[in-house]
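Letter by letter, the chains look like this.
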Amino acid sequence: MKATIGLEIHVHLLTDSKLFCSCRTSLMGKEPNENTCPICLGFPGSKPKANKRAIDHGIVLAKALSCSLVPEIRFSRKNYFYPDMPKNFQITQYEVPLAMNGYVMLGNRKIRIRRVHLEEDPAKLIHVGGDITTARYNHIDYNRAGIPLVEIVTEPDLEDTKEARLFLEKLSVILDHLGVYDPTTEGAIRVDANVSIDGGQRVEVKNITGFRNVEKALNYEVVRQKSMANMGIDVSRETRHFDAESGTTSSLRKKETEDDYGYIIEPDLVKIKLHSEWVDKLTESMPELPDHRIERFIEQYSIGRFQAGIIVNTGLQLSLFYEECCNLYKDPKIVVNWIVTYLLKSLNYERLNIKESKVKPETFVELLKLIDEGVISERTAKELIKEYTVSGESPRKIVKEKNLSLMSEDELHKVVSEVIEENPKAVNDYQSGHVKAAEYLIGQVLRKTRARAAVDTVRKLITDMMESKPR
Amino acid sequence: MTTIEKAHLINEKYKAFNFIAEALEGGEGLLSGVAVSVKDNVCVNGMQSTAGSKILEGYIPPFDATVVAKCRAEGAGILGKTTQDEFGFGTFNVNTGYGVPLNPHDPERSTGGSSGGAAVVTAVADFPHLAIAESTGGSISCPASFCGVVGITPTYGRTSRWGLIDYANSLDKIGCMGKTVREAALLLTVISGPDKYDSTVLHEPTQDYTSYADGCAEGLKIGVPEEYFGEGVDTGVTEKVWTGIKTLESEGATVTEVSMPFTKHSLSSYYIIAMAEASTNLAKLCGLRYGLHMPLEGNFDEYFSEVRTLGFGEEAKRRIILGTFTRMAGYRDAYYLKALKVRTKVIEDFKRAFKHVDVLAAPTMPVVAPKFSEIAELEPIQHYMMDILTVAPNLAGVPMISVPCGEHLGMPVGLHLMTDHLEEGKLVKAASAVEGAR
Amino acid sequence: MSSTVIDRDLVRRVAEAAHIKLTDEELDKYAHQMKAIVEAFTELDQVDTEGVEPSFHPIELENVLREDEPRDWAWNPLGNTVHKENKYFKGPRIT
Ligand SMILES: [Zn+2]
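The paragraphs below set out a description of the structure included in this document.

About the cut-offs
Residue numbering note: each chain is counted from 1, following its sequence as written. Labels follow written order: the first chain is A, the first ligand is 1, and so on. Since the coordinates come from a predicted model, pLDDT governs what is reported: local features require at least 70, and pairs of side-chain atoms require 80 or more to be given and counted, while whole-chain, interface and lining totals use all residues. Note: side-chain values were computed over all heavy atoms of the structure, leaving out hydrogens and water. Note on contacts: a residue pair is in contact if any heavy atoms of the two residues lie within 4.5 Å. When a carboxyl oxygen of Asp or Glu is within 4 Å of a side-chain nitrogen of Lys or Arg, the pair counts as a salt bridge. A 3.5 Å cut-off defines polar contacts: any pair of N or O atoms within that distance qualifies, except that in protein one atom must be a possible hydrogen donor and the other a possible acceptor, and neighbouring residues in sequence count only when both atoms are side-chain atoms. Here a helix means four or more residues in a row that DSSP labels H or I, a strand means two or more in a row labelled E, and each is numbered from the N terminus. By definition, two strands form a pair when at least two bridges between them are found by DSSP. Once two parts are joined, some of their accessible surface, as seen by a 1.4 Å probe, is lost; buried area is that loss totalled over both. Gly counts as polar in this scheme, as do all residues outside two lists: the nonpolar Ala, Val, Leu, Ile, Met, Phe, Trp, Tyr, Cys and Pro, and the charged Asp, Glu, Lys and Arg. When accessible area is computed with a 1.4 Å probe and restricted to protein chains, residues below 20% of their type maximum are described as buried, those above 50% as exposed, and intermediate ones as partly exposed.

1. Some words on the interface of chain A and chain C
Link 1 in the chain: Counting residues at the interface gives 53 residues for chain A and 35 residues for chain C.
Link 2 in the chain: For the pair chain A and chain C, the interface holds five salt bridges.
Link 3 in the chain: In this structure, R24(A) and D72(C) form a salt bridge, with 2.9 Å as the shortest nitrogen-oxygen distance.
Link 4 in the chain: Across the contact surface, chain A and chain C share 28 residue pairs in polar contact (both at pLDDT 80 or more).
Link 5 in the chain: Only β2 (50-51), α1 (52-64), β9 (124-128), β10 (137-141) and β17 (272-273) of chain A provide two or more residues apiece to the side of chain A that touches chain C.
Link 6 in the chain: Taken together, the two bridges between β2(A) and strand β1 (residues 65-66) of chain C define a ladder with parallel strand orientation.

Here it is, written out as structure tokens:
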């Protein structure tokens, strides 16, 4: 049985003020309802006024998704009653969305974008004394109400949960590159998913926050629908609510009138003409898109597609970090190896992203230079990167303070002699033709020196000394 | 007696206020020493503003409407909030949440609506007073005509709507009333102009409209649209209106007949657009954030329905239901969108006429103020039909003025003058000529 | 649109969508009145609007936009309600 998945993705656009009023979009440290005004609370007598930057962001995003822009946009009122709606209608776009008919490439699969439009976010509801079905009443916090959202609607082109996740990741990287959203904000992306099985009825799963939850919700829903089909039960068309805690979806009661939003054109706002000068100016200064950046990295830095993909798809900040390092260090291949193999691992372990961390290009390449200069061994560097990721201290300084630099030849010679003295059996083995025994001895030296010796140097010393040692 | 005490007396006699200020403040400026009354649907910071509806009882706006702020800046004191039909839903000011105002010329008759209270105070105040009123489909002209005062409805967007409790946003216009054309023009001068809080306000700066009130109609071309003198217009009213038009002629204007063929479609177009917009505007009123509250019982569907059923008056419910219907899937194209297209034809009617004439002249209302007993006999649709002469210019957003032009059956008759967009100056000029000769 | 049938059922459905409760008598009355009004509206059928653009405003402005500059509004958002608790608005339950 084949699944067909279409997504409606709501993204918080990165602006300083809300879509129709001047309240802030940053809610950090705000008391409930502190970040409101008569406009975003819909007080009688107040009127909306559209934020230019939100439209700018919408235009840039539509271009990045290869959509056609409409020449003139208007906002509409989508009318339905709900306690999170300050006006019991949402200002959104209906007749004329900002853009239509785009696509995103996933490898060689084309995922079509049906429409892209702007709208205002509703408030946050906190169910008091239960969940959505059992709470006695709700606490309403309108701080979020009016934050600009862009809604991206795909055609039902996604074939399974994995593809849906890949699509979202790719979309997230595009948004990140465009600088139109902040991936670190909680709930910056919310998804409604339409799922059906083998041409069966379409089920909408509403309001899923976070990629991991999208995957969970889709998995649950696909399995649910498949097992119903296997039992010969028809899947009915409905809207379901996703519960992140249990990872399950459940039916939401709906009235027949609820689907009828009775749209009208928002009469408090005027039409917005997307003049070509405006659009062209934005397009010209549009940041490089991820797919293009990957190709450029391969070309410019002679690195592999796989590594270029990891750098770019991890996010804009890492791409910028990589390029900055390449400006400061001679070999881009060594840089990419160290980032992909060690730095990312260490960041992930500490649950940090490059932007939040104290890792800086200047100090990171210092680490690579220390190896080149023969000050520390690669092995020491691999150990050091963990501490560096957390503290961001200059690696040169750490090496000095912790005495991690390579030993002098004399010192090393002394340690090698000791190891040879202490391990007669291994020496014997080596001399009777078991060359592998040398590796054991090298390990012993590195342990004793706390890796303050280069492997090659140690190997040479050991073999030389054993060759010259009488049997 | 203080002005505030006088306002209380007016209220006792005519029920003209929903709220009277405790004290009259004021300062220096064009409106120094003038008490400005404000229609209840225009927000005054800290003063209960209900738009005449029980569902907004207790709503204290946390800001001034732009027009109110402009009046204060010119030294006016805000006298109080004047009675109106609930949200502006009415022609006779009988659809009210807080009592029905009485016509000063005959208390058994209607003041006209929906800015009834504004017209009453303007008519009877024996102190310096001007009224902020508001029109969606004729709510300034009608009561001005019935109460015998001057009412100006400016071009759509000439005045900011920031602070106006919406009826139908694409039609609502804040305007003004005065005893004389010059007085009304003074208030218009103060309240007009751009405003960063309203996306639909026009960007042209205000003018000194009083400078046009020179009593002279020399050179003005007056058009008389035949469609405004048809069946249903009282012959006594027609007679007085023609007296007014003849006055313009004798003051130097030329008079020609014009035709506005889409006038007859304006009523349906107006009511569909107005109700569609109104029904969405009123959705926010649900007993949560302001206005009428009830104990939080039931789920949100039940609670909202409970509050709205209790809070809205009969006409408000009728318009909400009709407005919801006209924009529902399946009906939307035939009603809401069709009405917007017909509106284009109505606007074209005016644009065509104003290529040939400066001012259109017609009766403001087809009748003089009716008795409450007569109004009680009317079906809702007959109420709506009373607006036949005022809805077309309101749909087109052209400025209009109702100026008294005589009496019929002992009641005032209003001459309705209309000009092209932003031609308020010509309007004041023509009206002052009619007034001067009276 | 002349075929639109306004009956009690439709009025009930529309009123429910608008969150207004009607008694049986009100339903009868409103259905009767709305029928007359909606029938009168059908006269718009006579107007040929082929190729005519709708007028959303009497005077069409364009691109009236705000710069993205945040500003705090000094006020008490809960000052007009009785339904509040710990700085939150209190709203009715969902189901
Ligand atoms: Zn706000």
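2. Things to note about the interface of chain B and chain C
Link 1 in the chain: Chain B puts 72 residues into the contact, and the matching count from chain C is 57 residues.
Link 2 in the chain: Each partner contributes to the roughly 5500 Å² buried at the junction of chain B and chain C, and carbon and sulfur atoms together form 69% of this total.
Link 3 in the chain: Remark: the boundary between chain B and chain C carries two salt bridges.
Link 4 in the chain: As a salt-bridge pair, K29(C) and E314(B) come within 3.0 Å of each other at their nearest N and O atoms.
Link 5 in the chain: For the pair chain B and chain C, the number of links is 24 residue pairs in polar contact (both at pLDDT 80 or more).
Link 6 in the chain: Of all the secondary-structure elements, those providing two or more residues to the side of chain B that touches chain C are α7 (263-281), α8 (300-311), α9 (314-326), α10 (333-353), α12 (380-385) and α13 (391-396) of chain B.
Link 7 in the chain: Looking at the side of chain B that touches chain C, the element that brings in the most residues is α10(B), giving 12 residues.
Link 8 in the chain: Grouping the constituent residues of the side of chain B that touches chain C by class yields 38 nonpolar, 20 polar and 14 charged.

3. Comments concerning helix α5 (residues 181-191) of chain B
Residues and elements named next belong to chain B.
Link 1 in the chain: For α5, a buried count of eight out of 11 residues is recorded, marking the element as mostly surrounded by other parts of the structure.
Link 2 in the chain: Listing the buried residues of α5 in full gives V181, A184, A185, L187, L188, T189, V190 and I191.
Link 3 in the chain: For α5, the elements touching its buried residues are α2 (66-73), β4 (129-135), β5 (150-153), β6 (173-178), β10 (400-408) and α14 (424-436).

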